[in-house]
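Remarks on the overall topology
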Amino acid sequence: MRGQRTVWEIDVPTKHRLDKSRQGHHVFTGLAENASEAVAAALRACEIAQLHTMSGQPIPAGTNRVDWSARGLRPDWDLRWDLATKKQIVR
């Protein structure tokens, strides 16, 4: 039996591949049971986005506000998943 799923926010630090002085965060949000599941879902959304980008297709968007997606992902930026922060969003 699955537990209660709530909305999570995963903030992943990013750095530009060529200009290391350019830094930022990519924010992922979606439904998950816990922090581990949330990170796995965000990573899956990122991998799907990268595959679409490599094949020249648009990055898929979620069908509602709690679907995981990676819109706005930039191919010339590296995501630091090892430094990702996780926050459960109360709704």
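Residues numbered from 1 in each chain as written. Predicted model: local features only at pLDDT ≥ 70, side-chain atom pairs only at ≥ 80, totals over all residues. Heavy atoms only, no water.

Right, let's talk about the side chain of Asp 11 for a bit. Here Asp 11 is to be found in strand β1 (residues 6–16). One buried charged residue, Asp 11, remains without a salt bridge, the closest side chain of opposite sign being Lys 87 at 5.3 Å. Residues within four places of Asp 11 in sequence aside, it is in contact with His 25, His 26, Val 27, Leu 83, Ala 84 and Thr 85. (Helix = DSSP H or I, 4+ residues; strand = E, 2+ residues; numbered from the N terminus. Buried < 20%, exposed > 50% of the residue type's maximum accessible area, 1.4 Å probe, protein only. Lys, Arg positive; Asp, Glu negative; His and termini not counted. Salt bridge = Lys/Arg side-chain N within 4 Å of Asp/Glu carboxyl O. Contact = heavy atoms within 4.5 Å.)

Before going further, it helps to spend a moment on the pairing of β1. In terms of residue burial, β1 counts as a mostly covered element, since 10 of its 11 residues are buried. In this sheet, strand β2 (residues 23–32) lies alongside β1 in antiparallel orientation, the contact comprising 10 bridges. Looking at β2, one finds that Thr 14 is bridged to Gly 24. Hairpin geometry of β1 and β2 is characterised by an intervening segment of six residues between the two adjacent antiparallel strands. Relative to strand β4 (residues 85–89), β1 runs antiparallel, the two being bridged by five bridges. Note on β4: the bridge partner recorded for Trp 8 is Gln 88. (Pairing = 2+ DSSP bridges.)

So, about the environment of Leu 73. Take Leu 73: it is sitting in the loop between α1 (35–54) and β3 (77–79). Classification of Leu 73 as buried rests on a relative accessible area of 14%. When the C-alpha positions of Leu 73 and Arg 17 are compared, they lie 14 Å apart, and in sequence the two are 56 residues distant. Ignoring any residue separated from it by four or fewer positions in sequence, one finds Leu 73 in contact with His 26, Cys 46, Ala 49, Gln 50, Ile 59 and Leu 79.

So, on to the nonpolar core. The biggest cluster of nonpolar side chains holds 17 residues, and the ones touching the most others in it are Ile 10, Val 12, Phe 28, Ala 38, Trp 68, Leu 73 and Leu 79. When contributions to this core are tallied by element, the ones reaching two or more residues are β1, β2 and α1. A total of six residues in this core trace back to one element, the largest contributor, which is α1. Sequence-distant contacts of Ile 10, that is, excluding residues within four places in its chain, are made with His 26, Val 27, Phe 28, Ala 38, Val 39, Ala 42, Trp 68, Trp 81, Ala 84, Thr 85 and Lys 86. (Core = buried A, V, L, I, M, F, W, Y, C linked by side-chain atoms within 4.5 Å.)

Read these as geometric descriptors, not functional statements.
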